[in-house]
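Structure at a glance
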Amino acid sequence: MRDRLESARAAIDAHARLVPDFPEPGIAFKDLTPVLAAPDGLRTVTAALADACMGADLIAGIDARGFLLGGAVAHHLGIGVVAVRKGGKLPPPVIGVDYELEYGSARLEVPASGIDFTDRHVAVVDDVLATGGTLCATIDLLRQMGARVSDVAVVMELSGFPGRARLEAVGGADVRVHNLCEG
């Protein structure tokens, strides 16, 4: 497992693109898109995230980059994946949760029928953990559906943001938070 984590970190270092002054002056944005486009990047990142999600019955990938990663992790583990969608993207009936963003509000939804979440161990996969708002809302939504969220796994956790503390407050000791690297 440690070797896969180190391989993923090496691929991230080799392929991530640093974009200066984005999304605003003074910010250096680390673009993970080239990592996922590189065969060694996608393979090693998927394997390392799968290690973090071991034991889950279902993977929840968050709209939209979490879909790519979550599907690959679920395939690697031989389990299913559910897309946690932005509001209004799924056909009814849905169950949703509204939550606050830094600049406004948003909604996440999952199908209200067709997927039995009850007592399933669900691992949540996304690309980046920053403020934690979307990941906390996802945990809340999955718990409303009866799931037991076991893990949150992200490629990159941004330093200096309250995401981990918020996830630990919402998830408690039941939810482990994993990152492949910090940025």
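Before going into details, it helps to say that this report is about the structure given with it. (Residues numbered from 1 in each chain as written. Predicted model: local features only at pLDDT ≥ 70, side-chain atom pairs only at ≥ 80, totals over all residues. Heavy atoms only, no water.)

**Brief notes about the packing of aromatic side chains**
Quick note on the threshold: A pair of aromatic rings is counted whenever rings of Phe, Tyr or Trp (Trp by its six-membered ring) have centres within 6.5 Å, and the orientation is called stacked for planes under 30 degrees apart, edge-to-face for over 60 and tilted otherwise. Each residue's exposure class comes from its accessible area (1.4 Å probe, protein chains only) as a fraction of the maximum for that residue type: buried when under 20%, exposed when over 50%, partly exposed otherwise.
Going through the model one piece at a time under the given rule, you end up with one aromatic pair. Look at Phe-22 and Phe-29: their rings are 5.2 Å apart centre to centre, the planes differ by 80°, and that puts the pair in the edge-to-face class. The class for Phe-22 is partly exposed, based on a relative accessible area of 41%.

**Overview of the environment of Ala-52**
Where we set the bar: In this text, helices come from DSSP runs of H or I with a minimum length of four residues, and strands from runs of E with a minimum of two, each type numbered from the N-terminal end. Contacts are residue-level and defined by heavy atoms, with any inter-residue pair within 4.5 Å sufficient.
Position of Ala-52 among the secondary structure elements: in helix H3 (residues 39–52). Considering only alpha carbons, one finds Ala-52 and Asp-127, 75 residues apart in sequence, at a separation of 14 Å. Each residue touching Ala-52, except ones within four places of it in the same chain, is listed here: Asp-151, Ala-153 and His-178.

**A word on helix H1 (residues 2–15)**
Given 3.6 residues per turn, any residue in an α-helix points the same way as the ones three and four places further on. Our working rule: Residue count minus one, scaled by 1.5 Å, sets the expected span of a helix. Our arc is simply the arc of the directions from the helix axis toward the C-beta atoms.
Along its 14 residues, H1 runs 20 Å from first to last C-alpha, staying within 8% of the 20 Å computed at 1.5 Å per residue. Listing the buried residues of H1 in full gives Leu-5, Ala-8, Ala-11 and Ile-12. Viewed along the axis of H1, the buried residues span an arc of 125°, placing them on a single side of the element. Pointing more than 90 degrees away from the buried face of H1 are the exposed residues Arg-2, Asp-3, Asp-13 and Ala-14.

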